[in-house]
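# A closer look at the structure
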Amino acid sequence: MRVSRIMSGALPAALMTTSVLVSVRAAVAQELANVQPPSPATLATVIVTAEKRPENAQAVPMSIQALPSKQLTELIVNNFRDYANYVPSMSFQSHQGLNGGNAGDLIYMRGVADGSTSAGGSLPLVATYLDEQPVTSISGTLDVHMYDVSRVEVLPGPQGTLYGASSEAGTLRIITNKPELHRLYGSVDLQGDSVGHGGNGYVDQGFVNVPVGDRAAIRLVAFDEYDPGFIDNVSATRTFATSGATVNNSNFVHSAFNGSHQYGGRAALQVDLSDRWTVTPSVITQETRATGINAYEPAVGYLDVERFGPDYQRDRWWQAALTIQGKVGRFDLTYAGAYLNRQTHSSTDYMDYSVFYDNLYGSGAAWTDDLGDVISDPHQEVYATDKYSDYSNELRVASPSTDRLRFVTGLFQQTQTADSLWPYTVNDYATANSVVGFPNTIFLIDQSRVERDLAAFGEATYDITSKLSFLAGVRLYQDRNNFEGYYGSRTAPPGAPGSLCVTSGPFDGAPCATFDKDTRDSGETHKFTLSYKLAHGRLLYATYSTGYRPGGTNRNPGIGPYKADSLSSYEIGWKTEWLEDRLIWNAAVYRETWDDFQFTFEGPNGTSIYQNAPSAAVTGVETSVHWLATERLQLTGAVAFNDSRISRDFCGVSSASYSPIQDCSGLPIQVTKGTPLVYVPRFKGDITARYSFPVPGLNDWIAHVEATAAYRGSIPVYLRVPDIRDAGPYYRLGGFATESLSAGMSDGSRRVEVFAKNIFNSHGEVNAQTSCAVVTCGSTAIAGVPQAFYVTPTQPRTVGVEFSQDF
């Protein structure tokens, strides 16, 4: 075990403050703000803000899967993947940065998934919110460290009216704890763990809440986490057919080479300007430094890879936000503005591309030095720098929640930018062949993307009777996408014969821009819900809702834009409480149609191409149960079934309209009708049992034992017929289960826990991908070179101990 160094960054200051609080230590820790304390015989009430006002989750006529702070603590959740296991309606696609650039997880909900592969294409299908701000990066979700978090709200299905673009398939909301006035308190939490086939890790984290006078308070949070690696980079050689040279990776051989270190903090200030107005500015920052890749090569061995260059990533982001809340007459007014800045720097080994293209296609003949000689070791490395920003403002008004006719309406503005610089380099590459201004660069991506969104939205609910209510919502939107930059190898100067330049001057550091494209769109989304209160704690609802995702452009010359896609959902659901509020059973049945959906595939030389497929459909059901079986035993379970498939054959798009070709007669089929959508398990579920009991001889201590099991069914990872054929056994990944066990005790202010995650050491397969075109890197035609498929595994068995102290 290793619970070494005390937390870094802002944490020492927080600990100095908490030491002053020892003399006034609270006897019992307060139940976190979003969960109202239950009586001994009932379940806790979870308060959510999914409809942009505080409400009992069981009284909201929509599917909400909420993980309150208490549950996050009990499940020992530190990051996104920790809680993704316990949300059956949610799946994700892991990215390992094999093609250069930022590696992030893409979130999918209710079977709506496209398998997007790069920052140069479609926006995400699920929006991620950190408090009031969308933080949906073009390349994937922010993996926010999960400490001092009030709750996680998962809203499956289209959320287009209140949350807009990138909420086409759902919305994920992370709500942090806010400063509390008139209360001085804090906490320190220490974890140590050991990962099978790897090393030891730790998590040190803490927070302090400090009143400042009678009308203000500040909350400081800091954390420091180290996750040990468990993938081994093993000794290997590669021979290039053109030069005949054999190279080895002896300088990069290392066991458990995929460790990561994450640290950061948060500061929030709440000021009550009066009894009616509150201002809450906040700042949060987080940095992750990782080495290696979190994937192995089955052709090499379980948890083994053969890498020939440095693989690392540094991901740093910060967010500054301001929320103003007040009353104007009877109405609640809220302004939420925020700015997010994210930068990633990475290096990626690109040996697979180099050796496969040389051996299969003789590409090495073109990789020469300044003397014209073939480079003996044309091994490529990708050094990527990505910069993202997100600036958003929202102003909304809400009427009193007790009115018979109540509403929420507002205005929204957002501007996102994404600048990427990815030079693909070969040592000693000829200056005359390198991209101008970038020595040793065989290929360059230097691009800038700007997404602008404007919207007006509103939802209104009218109580037709005391039991029957009708909700109607609409969002009017306008968006613009500008995408420009340099994409390719060396080109002739602007105006010269054969030049690919579309501008007369340089672009950023590149000699010119080879593409400069712009798309615009406008439209509206809708939501209608009819709900009926059957009895106390029992609600039935039916909803029709729509969502959208803006279109965009391809950076490849000669390939046109792709259109916006849209999702329509028909849902019937119920929320019920039974056995005197000791049992909660919720469920939803839905049918979704996805028109002109955007998907990506690998084109020539492994480039990503985005097009609109005809349509897809999803039929599904999700249900959850929370049962307080006795005052000591709680059982929680949830499952989701999704059948998501292509609705008709796809054979390409029209060169004139870029719409899917309607008549595929005589044309090769790229995606056949009935093909399952990628990264969607037909079944996903979890179950948790927690038993609590008093500790004999320790009157204030309550002990517990908790067991959890989560299962994810098999998933396909390729959509097109050619990719499915070339991927072979890696087209579909098998289902797997993981089980965890924990035990501990607490006296209300102190807590000690021992835990084991993935206790049976399941070898689950989370994702599979290649570092270049499937037909190339998936080849087995090269003697002595393993098939270059990479599989992302579940983390091996992890055992640890945790201690926390409240003050």
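Description of the structure in this document. (Residues numbered from 1 in each chain as written. Predicted model: local features only at pLDDT ≥ 70, side-chain atom pairs only at ≥ 80, totals over all residues. Heavy atoms only, no water.)

Time to look at the state of the cysteines. According to the stated counting rule, one finds two disulfides in the structure shown. Sulfur-sulfur distance for the disulfide between C501 and C512 comes to 2.0 Å. Looking along the S-S bond of the C501-C512 disulfide, the torsion reads about -75 degrees, which is the left-handed sense. Placement of C501 in the loop between β25 (468–488) and β26 (515–535) and of C512 in the loop between β25 and β26 is noted, with a sequence separation of 11 residues between them. The disulfide partner of C651 is C664, and the S-S distance across this bridge is 2.2 Å. (Disulfide = S-S within 2.5 Å. Helix = DSSP H or I, 4+ residues; strand = E, 2+ residues; numbered from the N terminus.)

All right, on to the sheet that holds strand β7 (residues 126–130) then. Ordered in space as β4-β9-β10-β7-β8, the five strands form an open sheet in which the pairing is mixed. Each end of this open sheet is capped by a strand with a single partner; those strands are β4 (65–68) and β8 (133–134). Direction of pairing for β4 relative to strand β9 (residues 149–156): antiparallel, over a ladder of four bridges. For P68, the partnering residue across the bridge sits in β9 and is R151. (Pairing = 2+ DSSP bridges.)

A few words now on the environment of S255. Tracing the sequence through the fold places S255 in the loop between β16 (246–248) and β17 (260–272). Classification of S255 by relative accessible area gives partly exposed; the value is 49%. Discounting chain neighbours no more than four positions away, the residues touching S255 are I231 and D232. (Buried < 20%, exposed > 50% of the residue type's maximum accessible area, 1.4 Å probe, protein only. Contact = heavy atoms within 4.5 Å.)

For helix α5 (residues 351–361), a buried count of eight out of 11 residues is recorded, marking the element as mostly surrounded by other parts of the structure. Those residues of α5 that fall on the buried side of the exposure criterion are M351, D352, Y353, S354, V355, F356, Y357 and D358. Tucked inside the fold, the buried residues of α5 contact β15 (237–239), β16, β21 (331–349), β22 (380–398), α7 (774–777) and β41 (789–793). At the exit of α5 stands G362, carrying a positive phi of roughly 70 degrees.

Here we take up the side chain of D82. Along the chain, D82 turns up in helix α3 (residues 80–84). Relative accessible area serves as the criterion here: at 19%, D82 is assigned to the buried category. For D82, the contacting residues outside a window of four places in its chain are I76, V77 and K757.

Once that is clear, we can look at unusual backbone geometry. The backbone of K52 shows a phi angle near 65 degrees, a positive value even though the residue is not glycine. Considering the arrangement of structural elements, one finds K52 in the loop between β2 (45–48) and β3 (55–56). We classify K52 as buried; its relative accessible area is 10%. Not every positive phi belongs to a glycine, and I76 is a case in point at roughly 55 degrees. As for its placement among the helices and strands, I76 is situated in the loop between α2 (69–74) and α3.

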